[in-house]
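Topology and contacts: notes
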Amino acid sequence: MAISKALLSCDGTARTSSKRSARRIAGVAALAFLVAATLGSSIVLAGNSVGSFEIDGNLAPDYATPPAEPIDWLSNPFPASLTTFHDATGQGDSIFGMGSKENDQSSWVCTTGSAPQKDDVLDQISIPQDSSPVAGEIAFRFVDGKQFMYANWSRLSNNGNAHIDYEFNQNDPAVSPASPGCSQLPKRKVGDFLVSFDTDVAAGTIAVTAFSWNGATFVPLATGSQGLLWDAAVNPGPITGLIAVNSSLKDVSNLFGELALNVSDTIGTIPCNQVLFVSMKTRASTSLSAELKDRTRAVPVNFTVFNSAGAHASGNAFAARLQDALLGLDTTLPAATPVGCAQGVCSSQSGPGSTSNGNQVLAVPPPPQPLLSASVLTASSTSTVDPASNTATDTGLAESAGVNVLGGLVTADVVRAVANAKATGFNASVSIAGSAFKNLVVNGTQLNNVDPNTRIDLPAAAFGLGSYVALLEETASISQPPAGQISGGSFAADVTVNMIHVHIAGVIGGIEAADVIVSQAAAHADFPQPGGCPALVGTVSGDATILDEQTDPAALPVLFGRVAIPPQGGHDHQDLDQLTTSAATSGTSVSDSLGSVTSTTSTSTSLAQAQNVCVVPTAGACTVSVRALSSQANSTSGGGASSSNANGTSLLGVTVGSTMIGDNPAPNTCISVIPNVAVILNEQVCDGAGTLNCSPTGTPVTCSGSTSSGLTVRAVHVIVTDGGTLGLPAGANVIVGEAHADSSHP
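Everything numeric in this text was worked out from a predicted model, so none of it was measured.

Counting residues in each nonpolar core, the largest one holds 57 residues, and the members touching the most others are V405, L409, V410 and V502. Sequence-distant contacts of L409, that is, excluding residues within four places in its chain, are made with V441, V442, N443, L458, F463, V469, V502 and I504.

Glancing now at the environment of N235. Considering the arrangement of structural elements, one finds N235 in the loop between β14 (230-234) and β15 (256-262). Exposure remark for N235: the relative accessible area of 0% places this residue in the buried category. Separated by 17 residues in the primary sequence, N235 and V252 have C-alpha atoms spaced 8.2 Å apart. Excluding residues that lie within four positions of it along the chain, N235 makes contacts with G57, L242, V252, S253, N254, L255 and F256. Looking at N235, its side chain comes within polar contact range of the main-chain oxygen of V252, at 2.8 Å. One polar contact links the side chain of N235 to the main-chain amide nitrogen of N254, over a distance of 2.9 Å.

Under the defined criterion, the tally for this structure stands at four disulfides. Paired through a disulfide, C110 and C182 show a sulfur-sulfur distance of 1.9 Å. Its torsion about the S-S bond being -50 degrees, the disulfide of C110 and C182 is classed as left-handed. Placement of the pair is C110 in strand β5 (residues 110-113) and C182 in strand β10 (residues 182-186), with a sequence separation of 72 residues. For the pair C110 and C182, a shared accessibility class is recorded, and that class is buried.

Right, let's get into the pairing of strand β26 (residues 428-431). Each regular strand shows side chains that alternate between the opposite faces of the sheet. The sheet contact formed by strand β25 (residues 410-424) and β26 spans four bridges and is antiparallel. By the bridge assignment, N420 is partnered in β26 with S431. Connecting β25 to the antiparallel partner β26 that follows it, the hairpin turn spans three residues.

So, about the packing of aromatic side chains. Inspection of the entire model under this criterion finds twelve aromatic pairs. On the numbers, 6.0 Å between centres and 15 degrees between planes, the contact of W73 with F78 is stacked. Here W213 and F218 contribute two aromatic rings whose centre-to-centre distance is 5.0 Å and whose plane-to-plane angle is 70 degrees, an arrangement assigned as edge-to-face. The pair formed by W213 and F218 is uniform in burial state, with each residue classed as buried. Taken together, the ring pairs connect F53, W73, F78 and Y150 into an aromatic cluster. Positioned above the aromatic ring of W213 is the side chain of R188, whose terminal nitrogen or guanidinium carbon lies 5.1 Å from the ring centre. Between R455 and the ring centre of Y468, over which it is positioned, the NZ or CZ distance is 4.0 Å.

Calculation notes
- Residues numbered from 1 in each chain as written.
- Predicted model: local features only at pLDDT ≥ 70, side-chain atom pairs only at ≥ 80, totals over all residues.
- Heavy atoms only, no water.
- Core = buried A, V, L, I, M, F, W, Y, C linked by side-chain atoms within 4.5 Å.
- Buried < 20%, exposed > 50% of the residue type's maximum accessible area, 1.4 Å probe, protein only.
- Contact = heavy atoms within 4.5 Å.
- Helix = DSSP H or I, 4+ residues; strand = E, 2+ residues; numbered from the N terminus.
- Polar contact = N/O pair within 3.5 Å; in protein donor to acceptor, adjacent residues only side chain to side chain.
- Disulfide = S-S within 2.5 Å.
- Pairing = 2+ DSSP bridges.
- Phe/Tyr/Trp six-rings, centres within 6.5 Å; stacked < 30°, edge-to-face > 60°.
- Lys NZ or Arg CZ within 6 Å of the ring centre and 35° of its normal.

Structure (structure tokens):
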């Protein structure tokens, strides 16, 4: 498959096709470029823009007043997703060691030092989107239903040709490094692609090429006609926004380059929330066997333009509502906050920002009434639109303490309602996690576990026909654009939870047709669909934690080194040099979670790694010690099948008490060599599997389903079964190295 190349001729007078093209090359004595492409035997003259982006060798847009098209790098606001690259110069620069070849990752050595000046990319591009100069940029957006990529670079010197690569990889370097000598860049995977920008100063030409990795080598991709599917240019001289730091240069031309590429019709449209890691590299020549010189850090790239200004979040909560026809009573507590709230406490946020309100009432009832007594009634509502994470979220909280409904019909120490609605540019979700009862008693019966939408009918003779107590009432809805729609829609979520709803149909004790609601929370969120992005129907989740310690069962656990990704996918990473708590110590540790949802599959991977781990130190020893541990959970769904596994999990040098266990104990190995302490090694539990049933010999785990599956892996899990052991109360537990991943896709 041939690669089309742009030919920028020094003979600008013969090929100028417009006044604007003439202005573009006029005055350039040493290097005047006119971009063209060879397609068969015809020559296609250069266009001034591709994908409504100016490719004219500078950063400033030609228009005077925004908004306008085509755009350029200094357009403000910049209507495309943007990823920036930083790089230093001199002896502290991130470079490749001698012998590192583009097409042979096994030879890669990533080190620090000084790159040749012509191959040295560095921070000297100033743009409104970044607070400091950058070495290069990549941007993506959809124009007329097609996805376009725009990229640029700057280098230290023009004393030779420029050979710049933008490589897009599916692997995360923290999980899959390129080579033993280069952990900073990712290992290539089938389907990764590379876009190259090469100049030939002597010939006055630029070549833009694209390649796809097939597992063994790069395969050329056809980039089509220049001026239609792509365009490229370098700066003809000084330009606004480029600050040349090399003061010895008299001619600053060819220090900056830019390109635009129709991705949809060349490489193929990249799914809007596909997670790829991109880096910039320089080569000694155009050949893919040439030595690599300079490099930037690999960073996740964003392919989507979100509209957080069009997002909304709203909600309300109240601790109690009392209604009685006979008494003419209709009261909501706490009182409306702010004034104008329909009932209870309200919040609302449109566009970026956050709004929060709260209120409480002590010693209910005021005014006197026979329906409810309580010691504290509290409610709050928070609405947030976050442009950094591109999410709209609302959380409502209602909590009632010392509750007594209708003279003892329903009592509880605490009744808490939590409603959470979340919307992004790809999906929406709801949750009532955190909603709970404490010491709930209904009509003389204590209820320890309550399923959502539980209804208990009351005796008709005593309370009237149709009287009932409803518990944990939940109503929820989620909506998204119809399948195939790529713009103009929105993702929305709504949820309401009533923890206690008592309905009395008859007449009893001076009340009639009464309703009492205790702890209600409601939440709404919506987020506009990004242009060009069809609705994705799959979801993922993933999280990883280095240490989860619960030394007091009455309190919430304390987490260290925790990372997590949202349902639409993403990437989260954390490094800890060392960890020291009362429950565990460790050396260097890494937690990482990565996930993506495409039109055909959903995948997620989570990883927790730690070295020199000591779990529950005691008198100079360790309850459990591990030289190195790695918990990894992987999940993938699509095509009517879903599976999750623990590939990549390992435990090395394990000792429990004074017993040597060795390396890589079998999944779900349970050890009881310490009295009143249960130790589980390499714990693996499938989602929905319930309580683990382990055995001394280990129990293999298989997680699968037609549309969804998930797995949790814990390297070490210590549980205290009898109080006082190890100085901890009964029920205390410590988990080191936990990773969870799940996925779903129709």
